[in-house]
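Residues per chain, in single letters:
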Amino acid sequence: MSEEIREGSIVRYGGTGTVGIVKVLKTEDGEEWALLDSTGLYYHLSTLQPIEKMPERREIGARTLEELEERMKAEEERMRSVKMEDESVESGG
């Protein structure tokens, strides 16, 4: 199956179901590896399965992944803007 995988192939990693496009193929110490665009990590070719197309984006509840990402960014901004005050903090001494 590894002979079907080349740069530009769409693949799925069997361990977690991660899907990505092969950006780089390399051989190191006789082992073949593929760099996936989705994670920036190398995977051993024997653990990857070629697939024909990218899966459709799933919705989580009533929200898309994009909406969840936007919500997380807004929450991070809100948390950064909260000023920590030391008036109510007791010292341990």
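Attention here is on the structure that accompanies the text.

Rules behind the numbers
- Residues numbered from 1 in each chain as written.
- Predicted model: local features only at pLDDT ≥ 70, side-chain atom pairs only at ≥ 80, totals over all residues.
- Heavy atoms only, no water.
- Phe/Tyr/Trp six-rings, centres within 6.5 Å; stacked < 30°, edge-to-face > 60°.
- Helix = DSSP H or I, 4+ residues; strand = E, 2+ residues; numbered from the N terminus.
- Buried < 20%, exposed > 50% of the residue type's maximum accessible area, 1.4 Å probe, protein only.
- Pairing = 2+ DSSP bridges.

## Digging into the packing of aromatic side chains
Taken as a whole and assessed by the stated rule, the structure comprises 1 aromatic pair. Seen in terms of ring centroids, Tyr13 and Tyr43 are 4.8 Å apart; in terms of plane orientation they differ by 50 degrees. Their pairing is tilted. With Tyr13 in strand 1 (residues 10–13) and Tyr43 in strand 4 (residues 42–44), the pair connects residues that are 30 residues apart, well separated along the chain. For Tyr13, a relative accessible area of 23% gives the class partly exposed. Overall, Tyr43 belongs to the buried group, its relative accessible area being 9%.

## Some details on the pairing of strand 2 (residues 19–28)
Inspection of the sheet shows strand 1 paired to strand 2 by 3 bridges, in the antiparallel sense. Across the sheet, Val11 pairs through a bridge with Gly20, a residue of strand 2. A loop of 5 residues connects strand 1 with strand 2, the two strands running antiparallel in sequence, and Gly17 in this loop sits at a positive phi of about 85 degrees. In this sheet, strand 3 (residues 31–36) lies alongside strand 2 in antiparallel orientation, the contact comprising 6 bridges. Note on strand 3: the bridge partner recorded for Val22 is Leu36. Joining the antiparallel neighbours strand 2 and strand 3 is a turn of 2 residues, in which Asp29 adopts a positive phi near 55 degrees.

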